[in-house]
Amino acid sequence: MKVIRAKVLGFCMGVRRAVDMAEGELRTGGRRVCTMGPLIHNPQVLESLQSQGAEILAEDNLPENLAGVTVIIRAHGISPILEDELKKRGAVIADATCPRVKASQMKAQVLSRDGYILFLAGEKRHGEVIGIQGYAPDCIVAANPDEAAAAAEALFHSNPGVKTALIGQTTISAEEYTRIGEGIKKFFPGLEIINTICGATNERQDALRELCGEVDAVIVAGGRSSANTRRLLSIACEQGKPAWLVESPEEIPAEIAAYNTIGLCAGASTPDETIGAIEKALLVMD
Ligand code: SF4
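All of the points below concern the structure found in this document. (Residues numbered from 1 in each chain as written. Predicted model: local features only at pLDDT ≥ 70, side-chain atom pairs only at ≥ 80, totals over all residues. Heavy atoms only, no water.)

**Re the site of the ligand**
Phase 1: Around the ligand, the surrounding shell consists of Cys-12, Gly-14, Cys-98, Arg-100, Thr-170, Cys-198 and Thr-201.
Phase 2: Looking at the shell around the ligand residue by residue, the class counts come to 3 nonpolar, 3 polar and 1 charged. (Near = heavy atom within 4 Å. Nonpolar A, V, L, I, M, F, W, Y, C, P; charged D, E, K, R; others polar.)

The structure is reproduced here in structure tokens:
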């Protein structure tokens with residue numbers, strides 16, 4: 001069996017920065033270290049951090065007293081209300097919010113303050129979306145073009161003259177984002193569309209499309225809870241390739257042995273070690 005890696009795969013800048021920051025805090029020692037929710041969407045990384053002493057805090061069950069505890073904000077960011085709450089309870093904040101997500105949060109805050117009604121394109125329950133929403137409490141979250149158009153129509157009936165803007169979750173596909181913008185523009189032609197799509201996501205998606213031309217099947221390495229990893233799986237399927245998402249070598253399906261050339265790609269939260277272990281396991285499957 002031949003395995004070809006995508007030209008771009010694995011950790012993006014924001015995830016690497018968050019993991020490095022967490023490991024640095026744990027190495028420093030002397031303080032209890034917690035992450036606000038799971039730091040990134042990858043089970044191996046979370047297990048590794050927990051084995052080094054990190055604890056995961058749940059928003060609906062925050063300890064009353066966090067005096068002197070270092071709390072690391074994940075790459076997806078959190079809402080300002082939650083950050084204030086952590087500080088009130090005594091936490092020392094280590095902010096690992098990805099700079100690109102931070103830029104979306106700041107843009108949302110400014111637009112909201114300037115009287116815009118903000119449309120936020122993305123998955124309603126995704127941490128990044130919830131965090132950005134915190135900076136623009138009146139924003140309208142739309143998961144797809146139909147939802148966006150329906151919300152825009154309702155807004156048009158209640159407030160036709162309002163200024164509107166669109167921000168997207170950094171991992172949304174460019175095509176979906178364009179369609180969502182078009183749905184809103186039917187009612188608000190002056191919609192300001194802010195380009196918030198992260199280049200890291202596109203780079204991994206483009207590398208996978210290129211890879212699909214050279215392989216018989218695709219393995220996507222990464223966590224199932226990672227939106228950008230799941231998106232890679234959809235792209236491989238759209239390209240007509242048999243494809244599987246696996247979190248570890250043990251999950252590689254036996255059917256893969258029927259294919260000669262396997263493409264290997266990985267989401268932006270998949271560590272190098274996991275990619276290497278999956279590649280090694282594929283190579284001995286002949
Ligand atoms: S995918 Fe982009 S926005 Fe998201 S954490 Fe990585 S670098 Fe940041």
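**Side note on the pairing of strand 10 (residues 217-221)**
Phase 1: Of all 5 residues making up strand 10, 5 are buried, and the element is well covered by its neighbours.
Phase 2: Taking every second residue as pointing to the same face, both faces of strand 10 are buried, with Ala-217, Ile-219 and Ala-221 on one and Val-218 and Val-220 on the other.
Phase 3: Bridge count for strand 10 against strand 12 (residues 261-266) is 5 bridges, and the pairing is parallel. Paired with Ala-221 across the bridge in strand 12 is Ala-266.
Phase 4: Of the pairings in the sheet, the one linking strand 10 to strand 11 (residues 243-246) comprises 4 bridges and is parallel in character. Considered in strand 11, the bridge of Ala-221 is made with Val-246.
Phase 5: Taken together, strand 10, helix 9 (residues 227-238) and strand 11 form a β-α-β motif whose crossover is right-handed. (Buried < 20%, exposed > 50% of the residue type's maximum accessible area, 1.4 Å probe, protein only. Helix = DSSP H or I, 4+ residues; strand = E, 2+ residues; numbered from the N terminus. Pairing = 2+ DSSP bridges. Right-handed = clockwise from strand over helix to strand, strands pointing away.)

**Some points on the pattern of salt bridges**
Phase 1: Applying the stated criterion to the full structure yields 16 salt bridges.
Phase 2: Note that Glu-55 and Arg-32 form a salt bridge whose closest N and O atoms lie 3.0 Å from each other. A residue pair is termed long-range when its members are at least 10 positions apart, and Glu-55 in strand 3 (residues 55-57) and Arg-32 in the loop between helix 1 (13-28) and strand 2 (33-36) qualify at 23 residues.
Phase 3: You can call Glu-55 partly exposed: its relative accessible area is 31%.
Phase 4: Under the relative-accessibility criterion, Arg-32 is labelled partly exposed at 36%.
Phase 5: Between Glu-64 and Arg-89 there is a salt bridge, and its shortest N-O distance comes to 3.6 Å. With a gap of 25 residues between them, Glu-64 in the loop between strand 3 and strand 4 (70-73) and Arg-89 in the loop between helix 3 (80-88) and strand 5 (92-95) connect regions that are remote in the sequence. (Salt bridge = Lys/Arg side-chain N within 4 Å of Asp/Glu carboxyl O.)

**Notes on the sheet that holds strand 4**
Phase 1: Strand order across the open sheet formed by 4 strands is 3-2-4-5, with parallel pairing between neighbours. Both edges of this open sheet fall to strand 3 and strand 5, since each of them pairs with a single strand only. On average, adjacent strands in this sheet sit at an angle of 35 degrees to one another, irrespective of strand direction.
Phase 2: Both strand 2 and strand 3 contribute to a ladder of 3 bridges, which runs parallel. Within strand 3, the residue paired with Thr-35 across the bridge is Ile-56.
Phase 3: Strand contacts of helix 3: strand 2, strand 3, strand 4 and strand 5, with the helix running at about 145 degrees to strand 5, the strand carrying the most contacts. (Axes fitted to C-alpha atoms, helices over the stretch in contact; angles between N-to-C directions. Contact = heavy atoms within 4.5 Å.)

**Observations concerning the pairing of strand 4**
Phase 1: Where burial is concerned, the two faces of strand 4 agree: the one with Thr-70 and Ile-72 and the one with Val-71 and Ile-73 are both buried.
Phase 2: As judged from the 4 bridges shared by strand 2 and strand 4, these two strands associate in the parallel manner. Along strand 4, the bridge assignment pairs Cys-34 with Val-71.
Phase 3: Note: strand 4 against strand 5, 4 bridges, orientation parallel. Within strand 5, the residue paired with Thr-70 across the bridge is Val-92.
Phase 4: Remark: the strand 4/helix 3/strand 5 crossover connection has right-handed handedness.

**Details of helix 10 (residues 272-283)**
Phase 1: Taking 1.5 Å as the rise per residue, helix 10 with 12 residues should run 16 Å; its terminal C-alpha atoms sit 17 Å apart, in good agreement.
Phase 2: Among the residues making up helix 10, those that are buried are Thr-274, Ile-275, Ile-278, Glu-279, Ala-281 and Leu-282. Along helix 10, the residues classed as buried sweep out an arc of 165 degrees about the axis, all on the same side. For helix 10, the exposed residues set more than 90 degrees away from the buried face come down to Glu-273 and Lys-280. (Expected span 1.5 Å × (residues − 1). Arc of directions from axis to C-beta.)

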